[in-house]
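What follows is each chain in one-letter form.
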Amino acid sequence: MRVPLSWLKEYVEIDLDIKDLAHKLTMAGTEVGAIETIGGWNEVFVGEVLGVIPHPNADRLRLVSVDIGGEELTVVCGAPNVTQGQKIAFAKVGAVLTDPRTGNKEALKSAKIRGVNSSGMVCSEEELAIGNDSSGILVLHEDAPVGTPLEDYLGDVVLDLEITPNRPDCMSVLGIAREISALTGKDIIE
């Protein structure tokens, strides 16, 4: 069973290091098979698309103006689904992203594309390594706070738990939160 740490924190205060928490759970009989970190993005922020205009030297490319919290940047984008007013994941120059063609992690560099400087990138799920869709950009919920690091908005830690048949009480997020409460002495949040 996979349980996000952010969900557990809705039910119980967790102030332990994630490895210490995993060790406590494992020693109590709820084995943590793996700890997966979602995120680890540096220089990637929640942005808002301010405008989209056609690229002057390319039919399939567009120039996208993005606000990332008081800083407005223009990038060249080929995604078909980018429109004004969207909240998106924006990577500044220097961000380390996954190249969808090779699967390798690479630092984003400033580029001149068809004569226009592109100072960043509007990201897809695949470039952020959170999904397999690279056909267009990742569109965030409209309440996403502009300028917030994407790590703070989408990042999380997921515990992959090995639940034994004799512990059906641990087959839910609340059940795992109760187990953590019992192990740490923290009260369940009602």
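Residues numbered from 1 in each chain as written. Predicted model: local features only at pLDDT ≥ 70, side-chain atom pairs only at ≥ 80, totals over all residues. Heavy atoms only, no water.

1. With respect to the sheet that holds strand 13 (residues 156–162)
Turning to step 1, where the next piece is worked out: If you walk across this open sheet you meet the three strands as 1-13-2, and the pairing is antiparallel. Two strands lie at the open edges of the sheet, namely strand 1 (2–4) and strand 2 (31–38), each paired on one side alone. Neighbour to neighbour, the strand axes of the sheet diverge by 25 degrees on average, direction disregarded.
Turning to step 2, where the next piece is worked out: Two elements, strand 2 and strand 13, share seven bridges in a ladder whose sense is antiparallel. Along strand 13, the bridge assignment pairs Thr 37 with Val 157.
Turning to step 3, where the next piece is worked out: Each of strand 2 and strand 13 is contacted by helix 2 (residues 18–27), which is oriented at about 160 degrees to strand 2, the strand it contacts most. (Pairing = 2+ DSSP bridges. Helix = DSSP H or I, 4+ residues; strand = E, 2+ residues; numbered from the N terminus. Axes fitted to C-alpha atoms, helices over the stretch in contact; angles between N-to-C directions. Contact = heavy atoms within 4.5 Å.)

2. Some details on the pairing of strand 6 (residues 87–91)
Walk down a regular strand and you will see the side chains alternate between the two sheet faces.
Turning to step 1, where the next piece is worked out: For strand 6, the tally of buried residues reaches five of five residues, placing the bulk of the element in the interior.
Turning to step 2, where the next piece is worked out: With burial as the criterion, each face of strand 6 is covered, one bearing Lys 87, Ala 89 and Ala 91 and the other bearing Ile 88 and Phe 90.
Turning to step 3, where the next piece is worked out: Where strand 3 (residues 44–54) meets strand 6, five bridges bridge the pair, whose relative direction is antiparallel. Paired with Glu 48 across the bridge in strand 6 is Lys 87.
Turning to step 4, where the next piece is worked out: Where strand 6 lies against strand 12 (residues 139–140), two bridges are found, and the strand directions are antiparallel. (Buried < 20%, exposed > 50% of the residue type's maximum accessible area, 1.4 Å probe, protein only.)

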